[in-house]
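Coordinate analysis (summary)
So the chains spell out like this:
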Amino acid sequence: MSSGEAAFIAALRGLVSHPAARGLADDCAVLEFGGETLIVTHDMMVEGVHWLPEQDPADVAWKLLATNLSDLAAKGAEPIGVLLGYTLTEDNARFAAGLGEALAHFAVPLLGGDTVRSPGAQTVGLTALGRATCKPVPSRSSARAGDSVWITGPVGAAMLGFEALSSGNPSADTSVYRRPVPRLAEGRALAPLVTAMMDVSDGLLLDASRLAEASGVTLALDPRAIPLPADLPNERARDALSWGDDYELLFTLPSGAVPPCRAHRIGTVLPRGDAPLLLGEAPPAGPLGFEHC
Ligand SMILES: Nc1ncnc2c1ncn2[C@@H]1O[C@H](COP(=O)(O)OP(=O)(O)OP(=O)(O)O)[C@@H](O)[C@H]1O
Ligand SMILES: Cc1ncc(C[n+]2csc(CCOP(=O)(O)O)c2C)c(N)n1
Ligand SMILES: [Mg+2]
């Protein structure tokens, strides 16, 4: 097996047969259990990979919760509770304080977890449990030719926040990078209407191509329609499409349907052509998004 995230997940797909796993090609597992539909996800973060070592641990805790809740939002789920996997450091109190603030903000209970010591970089993980609010639960795999493609907000603000933090710019607003807000209300409102939905964590172009592959279609995106932050320099527009950490919802609607929340129409679903994704007239050149490799 070659190294890298995509190859490892492809190998794991050979181990998966339970329908709740959705072929390891969705944001969450969707488990029918005791008359309920449980939505379950687990995301990890690593110091130096997902956050800068000098960042406040309270912000790390917020982001860990928010990114997991974003996967629940993508399935229109209502959070039930979370379990935390935590590696001890010198400043555990700030992490606990930030987690408490985020749990209160999103009204989600902490249910349990595990704590370890490690000789390496700090790694934290979180399992989020949710309850489906509508059936069928939106997937990445049901976009159909003729649908329209939408996103709930701009991409690229986290990239700008990360760059401002990295360069020590004290006047920049870095909150979108440090404390993303999962689109829980939007996900619940959209779930009954969408043909497919996912959150954008690894870059719009990579995640759009994943949705296209899962659905067996081509997504044709209009680069002029993709919302970008007002302060994004023109020459960074292409980077904003592939940097990631955006946590907006990407979804498809039947032609003519109107979203019940703020959203921007960014493209059209076509029958599957040679490529999963077109940006303007052609497949995008260069990196599509963030991958661990
Ligand atoms: N180590 C793993 N074991 C089992 N399943 C995995 C593992 N890593 C990823 N997956 C599964 O692969 C699929 C794709 O995972 P991926 O992490 O890309 O999705 P995501 O959680 O929406 O994205 P992100 O991690 O960027 O938030 C999901 O179904 C996920 O559960
Ligand atoms: C210090 C630092 N360097 C780089 C990045 C960029 N980055 C890392 S992981 C990721 C996507 C989501 O990860 P995953 O797919 O693991 O959920 C992105 C956009 C960052 N956030 N912090
Ligand atoms: Mg996701």
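Residues numbered from 1 in each chain as written. Chains lettered and ligands numbered in written order. Predicted model: local features only at pLDDT ≥ 70, side-chain atom pairs only at ≥ 80, totals over all residues. Heavy atoms only, no water.

Digging into the pairing of strand 9 (residues 249–253)
Across a regular strand the side chains alternate sides, sitting on one face of the sheet and then on the other. Counting buried residues along strand 9, five of its five residues qualify, which places the element largely inside the surrounding structure. Neither face of strand 9 is open: one carries L249, F251 and L253, the other L250 and T252, and all of them are buried. For strand 6 (residues 148–151) and strand 9, the ladder comprises four bridges, and the chain directions are antiparallel. The partner of V149 across the bridge, within strand 9, is T252. (Buried < 20%, exposed > 50% of the residue type's maximum accessible area, 1.4 Å probe, protein only. Helix = DSSP H or I, 4+ residues; strand = E, 2+ residues; numbered from the N terminus. Pairing = 2+ DSSP bridges.)

A closer look at the domain arrangement of the protein
Each domain of the protein was delimited in the assignment, giving domain 1 (5–131) and domain 2 (148–279). The C-alpha centroid of domain 2 is placed 21 Å from the C-alpha centroid of domain 1. Contacts between the two partners involve 23 residues from domain 1, matched on the other side by 20 residues from domain 2. Buried surface at the junction of domain 1 and domain 2, both sides included, amounts to about 1900 Å², of which 55% is carbon and sulfur. Our count for the domain 1 to domain 2 interface comes out at four salt bridges. Across the pair K63 and D245 runs a salt bridge whose closest N-O atoms are separated by 2.8 Å. Sorting the residues of the side of domain 1 that touches domain 2 by element identifies helix 2 (57–74), strand 3 (78–87) and helix 3 (92–106) as the ones contributing at least two each. Element by element, the count of residues in the side of domain 1 that touches domain 2 is highest for helix 2, at 11 residues. (Domains from an automatic or database assignment. Contact = heavy atoms within 4.5 Å. Buried area = accessible area lost by both parts, 1.4 Å probe. Salt bridge = Lys/Arg side-chain N within 4 Å of Asp/Glu carboxyl O.)

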